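# Results of the structural survey
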Amino acid sequence: MKRLLAFASALPLMLLSACASPGEPTDAIQVFAAASLTESFTEIGEQFERDTGVEVSFNFAGSADLAAQLDQGAPADVFASADEVTMDRVEAAGLVRTTPAIFASNTLTIVTPDDNPAAVEDLTDLAGDEIITVVCAPQVPCGTATEEVAAAADVELSPASEESAVTDVLGKVRAGEADAGLVFVTDASAAGEDVQRIDFPESEGVVNRYPITTLESSQNPDVAAEFVAFVEGEQGQAILRDAGFGRP
Amino acid sequence: MTLASPVMPRPKNGRHASSSPRWLLIPASIGIALIVVPILAIVLRVSWDEFPALVTSPSSVSALMLSLRTAGASTVLCVVLGVPMALVLSRLRFRGHGVLRSLVLLPMVMPPVVGGVALLYTFGRQGLLGESMSALGIHIAYSTTAVVLAQTFVAMPFLVITVENALHALDPHVIEAAVMDGAGPTAVLRTIMLPLIMPGLISGAILAFARALGEFGATIAFAGSLEGVTRTLPLEIYLQRETDPDAAVALSLLLIAAAVLVVGLAGARRPAV
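Computed from a predicted model, the values in this text were never measured in an experiment. (Residues numbered from 1 in each chain as written. Chains lettered and ligands numbered in written order. Predicted model: local features only at pLDDT ≥ 70, side-chain atom pairs only at ≥ 80, totals over all residues. Heavy atoms only, no water.)

The next point concerns the sheet that holds strand 7 (residues 161-163) of chain A. Residue and element names in this part refer to chain A. Read across the sheet, five strands follow the order 7-6-8-5-9 without closing on themselves; strand pairing throughout is mixed. Only two strands of the sheet have a single neighbouring strand rather than two, namely strand 7 and strand 9 (195-198). The sheet shows a mean angle of 35 degrees between the axes of neighbouring strands, taken without regard to direction. Two elements, strand 5 (residues 108-113) and strand 9, share four bridges in a ladder whose sense is antiparallel. Paired with Ile110 across the two strands is Ile198, which belongs to strand 9. Packing against the sheet, helix 6 (residues 166-174) makes contact with strand 5, strand 6 (133-136), strand 7, strand 8 (180-184) and strand 9, and its axis sits at approximately 145 degrees to strand 8. (Pairing = 2+ DSSP bridges. Helix = DSSP H or I, 4+ residues; strand = E, 2+ residues; numbered from the N terminus. Axes fitted to C-alpha atoms, helices over the stretch in contact; angles between N-to-C directions. Contact = heavy atoms within 4.5 Å.)

Another aspect to go through is the nonpolar core. Ranked by size, the top nonpolar core spans 62 residues in total, and within it Leu37, Phe41, Phe103, Ile110, Leu123, Phe227 and Leu240 of chain A carry the most contacts. The leading source of residues in this core is helix 8 (residues 221-232) of chain A, at six residues. Here this core spans two domains, since at least three of its residues come from each of domain 1 (27-105 + 209-242) and domain 2 (108-205) of chain A. Apart from residues lying up to four places away in sequence, Leu37 of chain A is in contact with Thr42, Phe60, Ala80, Phe103, Tyr210, Leu240 and Phe245 of chain A. Membership of the second largest hydrophobic core comes to 40 residues, among which are Phe51, Ala250, Leu251 and Leu253 of chain B. (Core = buried A, V, L, I, M, F, W, Y, C linked by side-chain atoms within 4.5 Å. Buried < 20%, exposed > 50% of the residue type's maximum accessible area, 1.4 Å probe, protein only. Domains from an automatic or database assignment.)

So, about the packing of aromatic side chains. Residue and element names in this part refer to chain A. Under the counting rule described, the total for this entry stands at twelve aromatic pairs over all chains. For the pair Phe41 and Phe103, a centre-to-centre distance of 5.7 Å together with 50 degrees between the ring planes defines the contact as tilted. On the criterion of sequence distance, the pair formed by Phe41 in helix 2 (residues 38-52) and Phe103 in strand 4 (residues 101-106) is long-range, its members being 62 residues apart. In terms of burial, Phe41 and Phe103 fall into one category: buried. Considering the side-chain rings of Phe103 and Tyr210, the 6.1 Å spacing of their centres and the 80 degrees angle between planes classify their relative orientation as edge-to-face. Of this pair, Phe103 sits in strand 4 while Tyr210 sits in strand 10 (residues 208-214), placing them 107 residues apart in sequence. Per residue, the accessibility class of Phe103 equals that of Tyr210, and both read buried. Taken together, Phe41, Phe48, Phe58, Phe60, Phe103, Tyr210, Phe227, Phe230 and Phe245 form an aromatic cluster joined through their ring pairs. (Phe/Tyr/Trp six-rings, centres within 6.5 Å; stacked < 30°, edge-to-face > 60°.)

With that settled, the discussion passes to the environment of Gly233 of chain A. Residue and element names in this part refer to chain A. Structurally, the position occupied by Gly233 is in the loop between helix 8 and helix 9 (234-242). By relative accessible area, which is 24% here, Gly233 ends up partly exposed. For the pair Gly233 and Gly205, spaced 28 residues apart in sequence, the C-alpha separation works out to 26 Å.

All names here are of chain A. Evaluation of the coordinates by the stated rule reveals one disulfide over all chains. Linked covalently through their sulfurs, Cys136 and Cys142 form a disulfide whose S-S length is 1.9 Å. Because the sign of the S-S torsion sets the handedness, a value of about -95 degrees for the bond joining Cys136 and Cys142 places this disulfide among the left-handed ones. (Disulfide = S-S within 2.5 Å.)

What follows covers the packing of helix 5 (residues 112-123) of chain B against helix 7 (residues 144-168) of chain B. Residue and element names in this part refer to chain B. Running from N to C, helix 5 and helix 7 cross one another at 130 degrees; their axes reach a closest spacing of 10 Å. As summarised for this structure, helix 5 and helix 7 are arranged oblique, according to the angle between their axes. Crossing geometry of helix 5 relative to helix 7 is assigned as right-handed. Between helix 5 and helix 7, the residues in contact are Gly115, Leu119 and Phe123 and Leu149, Ala150 and Phe153, respectively. Split by residue class, the contact of helix 5 with helix 7 holds five nonpolar, one polar and no charged. (Parallel < 35°, antiparallel > 145°, perpendicular 65-115°, else oblique. Left-handed = near helix turned anticlockwise from the far one by under 90°. Nonpolar A, V, L, I, M, F, W, Y, C, P; charged D, E, K, R; others polar.)

A few words now on the UniProt feature "transmembrane region" (unreviewed entry) in chain B. Residue and element names in this part refer to chain B. UniProt marks residues 23-48, 68-90, 102-124, 136-161, 192-213 and 247-268 with the feature "transmembrane region" (unreviewed entry), using the numbering shown here. Helix makes up 87% of residues 102-124 and strand 0%. Its end C-alpha atoms lie 26 Å apart. Helix makes up 100% of residues 192-213 and strand makes up 0%, while its end C-alpha atoms are separated by 31 Å. (UniProt positions renumbered as here; feature names shortened; annotations may be inferred.)

Now for the sheet that holds strand 3 (residues 78-80) of chain A. Strand pairing in a sheet relies on backbone hydrogen bonds, with the paired strands running either antiparallel or parallel. All names here are of chain A. The five strands are arranged 2-1-3-10-4 in an open sheet whose pairing can be described as mixed. With partners counted over all chains shown, the strands left at the sheet margins are strand 2 (55-61) and strand 4, one partner each. On average, adjacent strands in this sheet sit at an angle of 20 degrees to one another, irrespective of strand direction. One ladder, built from three bridges, connects strand 3 with strand 10; its direction is antiparallel. Across the sheet, the residue bridging to Val78 is Thr214, located in strand 10. With respect to the sheet, helix 2 is in contact with strand 1 (28-34), strand 2, strand 3, strand 4 and strand 10, its orientation differing from that of strand 2 by roughly 170 degrees.

Quick look at the domain arrangement of chain A now. Note on interface size: it is often stated as the accessible area lost on association of the parts. Assigned domains of chain A: these are domain 1 (27-105 + 209-242) and domain 2 (108-205). On a C-alpha basis, the centres of domain 1 of chain A and domain 2 of chain A stand 27 Å from each other.

This part is about the confidence of the model for chain A. In regions of low pLDDT, the predicted coordinates are not meant to be interpreted in detail. All names here are of chain A. In this model, chain A carries an average pLDDT of 87, and 90% of its residues clear a pLDDT of 70 or more. Across chain A, element-level confidence peaks in strand 3 with a mean pLDDT of 96 and bottoms out in helix 1 (residues 2-19) with 50. Across residues 17-25, confidence stays below pLDDT 50; counting only partners more than four residues off in sequence or on other chains, it has one contact. (pLDDT = per-residue confidence, 0-100.)

This part covers the pairing of strand 8 of chain A. Within a regular beta strand, the side chains point alternately toward one face of the sheet and then the other, so they alternate between its two faces. All names here are of chain A. The buried count for strand 8 comes to five of five residues, which makes it a mostly enclosed element. Residues Ala180, Leu182 and Phe184 point to one face of strand 8 and Gly181 and Val183 to the other, with burial holding for every one of them. Note that strand 5 and strand 8 share four bridges and pair antiparallel. Bridge assignment links Leu108 to a residue of strand 8, and that residue is Phe184. The pairing of strand 6 with strand 8 spans two bridges and is classified as parallel. Within strand 8, the position partnered with Thr133 by the bridge is Ala180.

What follows is the structure, given as structure tokens:
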């Protein structure tokens, strides 16, 4: 019976590992990148593929989720995080091959539905209870930035909801279920015409920096380093700038 | 010992072990491993030294209390609305009966997040009913009421289906006899049907409570997430995972314990159908 149990518990693993073929080590890399980089990194990946012939596959998710996956031994060549805290954690766990470098930055902006029903003009407007404000929870990067900005501007926010992802904030504003939200400039750019973007001076003081690194688990460190250099280089930076990211 | 249970003789209906081929043990034990191993994995992850501190932190306690309150309220709503639904579905025959029954069960198979989006387009500010409700000064989105509505939406089918099964198992002669004795429909319901289906009703309510307690997708899409107002335990776990995986694991264990309790209670009370 014991042997049967051992076999039974090993079988699914055997089936699963049969699906994950080893792949070609020379011309493919796996990049773990923060969810906010989805559009720009997809474009960067396509350019990089055209230029080098290396196949780039992405895993886009919240930075903390990606860090947890890396910690559990997920194989990846490059990690790009949306905040330095998460990268520090990955570095402390001994998972990085090279010292992380900042390649982009992001600041917060106010977004409202396109007709701005509550006539929001600046950050102080978001303090009142009569305006439905949605922000990120302090546990996620955009929420940390929100707390800092509010403190710097000496505004007491009274959010109706603290979402666990910046995309959820944007979603509630887009759907007209919130009068205002605080999101990153790049998220506002991605939403385009659906939302109105209202910049406020205090946002300049809180800059969220994006670090990138090659990983210890990389089967292909040279190509991984090449990809990082591409992101930091002229072409990569141009794409990031178009998406609304600030200079590193 | 769990291995043997799928083919254990069940004397009640006279089936014997020999009627199930032995090779079924292999897929059956893979299936069991698929459920048991992940639960074991999370139990092994718990840092027991910190466990008491993690589950008694203010945000954890607030999420737990909110979860218990909202799941309790939605269970009451499920019973108040679901028992009549089950009665209508099981006692009355009318055109569109099958369609209605399928519709009632829909939230059970629908992705909860889709339910949340649907609720948002119903009760949200721009929603079907929300617009006129806002005019009356009723705001549901971002309130604890929204959490209860989301939980009721997903949990209702569990109550309806359990009560309906209990009603089908009723002996029609008992009811006929009561009617012959001159009992009115309400009296029959109160004095005969409800007491007879009580075990089914209770296990249905327990299942609905459990489903409400675990509700995540519809809540996050419809109610938002604010400590003490809409951030229930599953939402707190999802958020804690970002910064404090140990706390997320500890709280997960709490929900697993609740689930074990529910399965035990509902199983023990399952009526012999």
